[in-house]
Amino acid sequence: DTILNIDESKINYDLIEEVLLLLTNRQSGRGIKGDGPIEKKFRLAMAALETTGETHSNAILIFFPGLGQIQTMFDRLASHRRFSDSKKFRILRLHSSLSSQKEQAGVFRIPPPGVQKIILSTNIAETGVTIPDVCYVIDCGK
């Protein structure tokens, strides 16, 4: 029922946060709750990834339509009780209008063990940039 109530014309930041929690909880050893078809498929996908012997930082790349949406998600994650922990997460923005070369360069660096990157970008990075440690991509579809 909930999926039928989603307004497809808007970015669902709450849903993105929930997906991030699922992905990062999987890596911290926490189980996925529920036995519905989505949870079962997600558990199967995560089990398949675990058999590949990942050695990357398991970076997550999220595509947004523009800088405004990137900044909105950045602000939400920076104030989130889990994702604001800089010892565990690096929240990075990738956009041509951002002047911080340090942040932009950080997108391409593999973080220390135990730290996971979450990269917020426009879909221009889809064809123009290669980030070697990205294991998961979330596309807002806009």
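For the structure itself, consult the block above.
A quick note: this is a predicted structure, and the numbers were derived from the prediction, not measured. Every residue gets a number counted from 1 within its own chain, in the order that chain's sequence is written. Selection of residues for local features in this predicted model requires a pLDDT of at least 70, selection of side-chain atom pairs for listing and counting requires 80 or more, and totals for whole chains, interfaces and linings are taken over all residues. The side-chain values count all of the structure's non-hydrogen atoms but skip hydrogen atoms and water molecules.

### Section: helix 3 (residues 67-78)
Spanning twelve residues, helix 3 covers 16 Å between terminal C-alpha atoms, matching the ideal 16 Å at 1.5 Å per step. Think of it in three bands: residues with accessible area under 20% of the maximum for their type are buried, residues over 50% are exposed, and the middle band is partly exposed, with areas taken using a 1.4 Å probe on protein chains only. A run of H or I in DSSP counts as a helix once it spans at least four residues, and a run of E counts as a strand once it spans at least two, with each numbered from the N terminus. Burial in helix 3 covers these residues: I70, M73, F74 and L77. In an axial view of helix 3, the angular spread of the buried residues amounts to 105°, which keeps them on one side of the axis. Multiply 1.5 Å by the residue count of a helix minus one, and that product is the helix's expected span. Note: the arc covers the axis-to-C-beta directions of the helix.

### Thoughts on the side chain of S121
Examined against the element boundaries, S121 turns out to sit in strand 3 (residues 116-122). You can call S121 buried: its relative accessible area is 1%. Sequence-distant contacts of S121, defined by excluding residues within four places in its chain, comprise L61, I62, F63, F64, I70 and L94. Any two residues whose heavy atoms approach within 4.5 Å are treated as being in contact.

### Thoughts on the pairing of strand 2 (residues 89-94)
Burial analysis of strand 2 places five of its six residues in the buried class, the great majority of the element. Two strands pair if DSSP finds at least two bridges between them. Across six bridges, strand 2 lies against strand 3 in parallel orientation. Of the residues in strand 3, the one forming a bridge with L94 is S121.

### Let's talk about the nonpolar core
Among buried residues, the Ala, Val, Leu, Ile, Met, Phe, Trp, Tyr and Cys ones that are joined through side-chain atoms within 4.5 Å form a nonpolar core. In this structure, L20, I62, F64, I118 and L120 are the most contacted members of the largest nonpolar core, which totals 21 residues. Listed by contribution, the elements that provide at least two residues to this core are helix 1 (13-27), strand 1 (59-64), helix 3, strand 2, strand 3 and strand 4 (134-139). For this core, the element with the highest residue contribution is helix 1, accounting for five residues. A59, L94, I119 and I131 belong to the second-largest nonpolar core, a separate cluster that totals eight residues.

### Focus: the packing of aromatic side chains
Two aromatic rings from Phe, Tyr or Trp, using only the six-membered ring of Trp, form a pair when their centres are within 6.5 Å; if the ring planes differ by under 30 degrees the pair is stacked, by over 60 it is edge-to-face, and anything between is tilted. On inspection of all chains with the given rule, the structure shows two aromatic pairs. With 5.0 Å between their ring centres and 70° between their planes, F83 and F89 make a pair best called edge-to-face. Only lysine NZ and arginine CZ atoms are considered, and such an atom sits over a ring when it is within 6 Å of the ring centre and within 35 degrees of the ring normal. It is R93 that lies over the ring of F74; its NZ or CZ is 4.1 Å from the centre.

### Thoughts on the sheet that holds strand 3
If you walk across this open sheet you meet the four strands as 2-3-1-4, and the pairing is parallel. On the outer flanks of this sheet lie strand 2 and strand 4, each paired with one strand and no other. In this sheet, adjacent strand axes meet at a mean angle of 20° when their direction is disregarded. Across five bridges, the pairing between strand 1 and strand 3 is parallel. Fitting a line to C-alpha atoms yields each axis, with helices limited to the stretch in contact; the angle taken between N-to-C directions then spans 0 to 180 degrees.

### Let's talk about the environment of H95
Of note, H95 is situated in the loop between strand 2 and helix 4 (101-106). For H95, a relative accessible area of 17% translates into the label buried. Remark: the alpha-carbon pair of H95 and L120, spanning 25 residues in sequence, is separated by 8.4 Å. Discounting residues that sit within four places of it in the chain, H95 has contacts with L67, I70, Q104 and T122.

### A look at the pattern of salt bridges
In what follows, salt bridge is the name for a side-chain nitrogen of Lys or Arg lying within 4 Å of a carboxyl oxygen of Asp or Glu. With the rule as written, the count across this model stands at three salt bridges. A salt bridge links R76 to E17; the shortest N-O distance between them is 2.8 Å. Remark: E17 occurs in helix 1 and R76 occurs in helix 3; sequence separation between them is 59 residues. The exposure class of R76 is partly exposed, given its relative accessible area of 27%. The partner of D133 in a salt bridge is K117, with the nearest N and O atoms 2.9 Å apart. Taken together, the residues span a long stretch of sequence, with D133 in the loop between helix 5 (125-128) and strand 4 and K117 in strand 3 at a distance of 16 residues. With a relative accessible area of 1%, K117 lands in the buried category.

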